[in-house]
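Remarks on the overall topology
Chain by chain, the residues:
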Amino acid sequence: GGLTVTADSHGNVKGFVENPDVMLPPNAKGKLDVGGAVGSGSLTVIKDLGLKEPYTGTIALVDGEIADDLTAYFYISEQQNSSNSEQVPSSVGLGVLMEKDNTVRQAGGFIIQLMPFVEDSVVDRLEKKLSSVDSVTSYLDRGFTPEQLLDEFLGEFGLEILDKMPIQFTCNCTKSRVEKALISIGGKELQEMIDEGKS
């Protein structure tokens, strides 16, 4: 039905899944069938850069696997080669490892984006390296920290960590904000929603 995620530059992330109770058998690789749960549709990225209008980019989903779709988003945006495109060659890896009681055991990921001046030989070495590494969750399950994960993937390229930031799932919703949102809808429309049995 849809999935919405919001993040800010301070590491605050929140998300909403329209239908969170999807339960599917594992996919052909024996992993969570994220692609099957997400299904077909589109990926829209909206970035508020503080300009008059936010940047918006949209692509059709490749396969519903979020890492694949984000990688495709960056690639297609690069190919569009317009002033509106992201134009950043990227590699995205994400993973979730579940317990048998359906709780999350490990979750994490990375986005590697290339600077414009990177030489082709470095790109070739990086592609070879990324194709040879294990899944993100296998490293996290062995106790790797994010820094150790970066060192495993990028250490041979002269990795230098310039900044660190905590990331947390947090919601800035308050009762008063919800009240203001309901007031902005208007009494007539709210009553129609109630009459139609909408939550």
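**Some remarks on the side chain of aspartate 69**
Looking at the element boundaries, aspartate 69 is found in helix 2 (residues 66-80). Of the side chains with opposite charge, lysine 29 lies nearest to the buried aspartate 69, which makes no salt bridge, at 13 Å.

**Considering the pairing of strand 5 (residues 90-98)**
Pairing analysis gives nine bridges linking strand 5 to strand 6 (residues 104-113), with the strands arranged antiparallel. Paired with leucine 94 across the strands is glycine 109, a residue of strand 6.

**Quick look at the packing of aromatic side chains**
Within the structure shown, the criterion is met by four aromatic pairs. Pairing tyrosine 139 with phenylalanine 144 gives two aromatic rings, centres 5.1 Å apart and planes at 65 degrees, and the pair type is edge-to-face. The exposure class of phenylalanine 144 is partly exposed, given its relative accessible area of 23%. Within the aromatic cluster, the residues linked to one another by ring pairs are Phe110, Tyr139, Phe144 and Phe153.

**Describing unusual backbone geometry**
Leaving glycine out, the prevailing phi sign among residues is negative, and the prevailing peptide bond configuration is trans. For asparagine 102, which is not glycine, the phi torsion reads 70 degrees and is therefore positive. Here asparagine 102 is to be found in the loop between strand 5 and strand 6. Judged by relative accessible area, asparagine 102 falls into the partly exposed class, the value being 44%.

Reading guide: rules and limits
- Residues numbered from 1 in each chain as written.
- Predicted model: local features only at pLDDT ≥ 70, side-chain atom pairs only at ≥ 80, totals over all residues.
- Heavy atoms only, no water.
- Helix = DSSP H or I, 4+ residues; strand = E, 2+ residues; numbered from the N terminus.
- Buried < 20%, exposed > 50% of the residue type's maximum accessible area, 1.4 Å probe, protein only.
- Lys, Arg positive; Asp, Glu negative; His and termini not counted.
- Salt bridge = Lys/Arg side-chain N within 4 Å of Asp/Glu carboxyl O.
- Pairing = 2+ DSSP bridges.
- Phe/Tyr/Trp six-rings, centres within 6.5 Å; stacked < 30°, edge-to-face > 60°.

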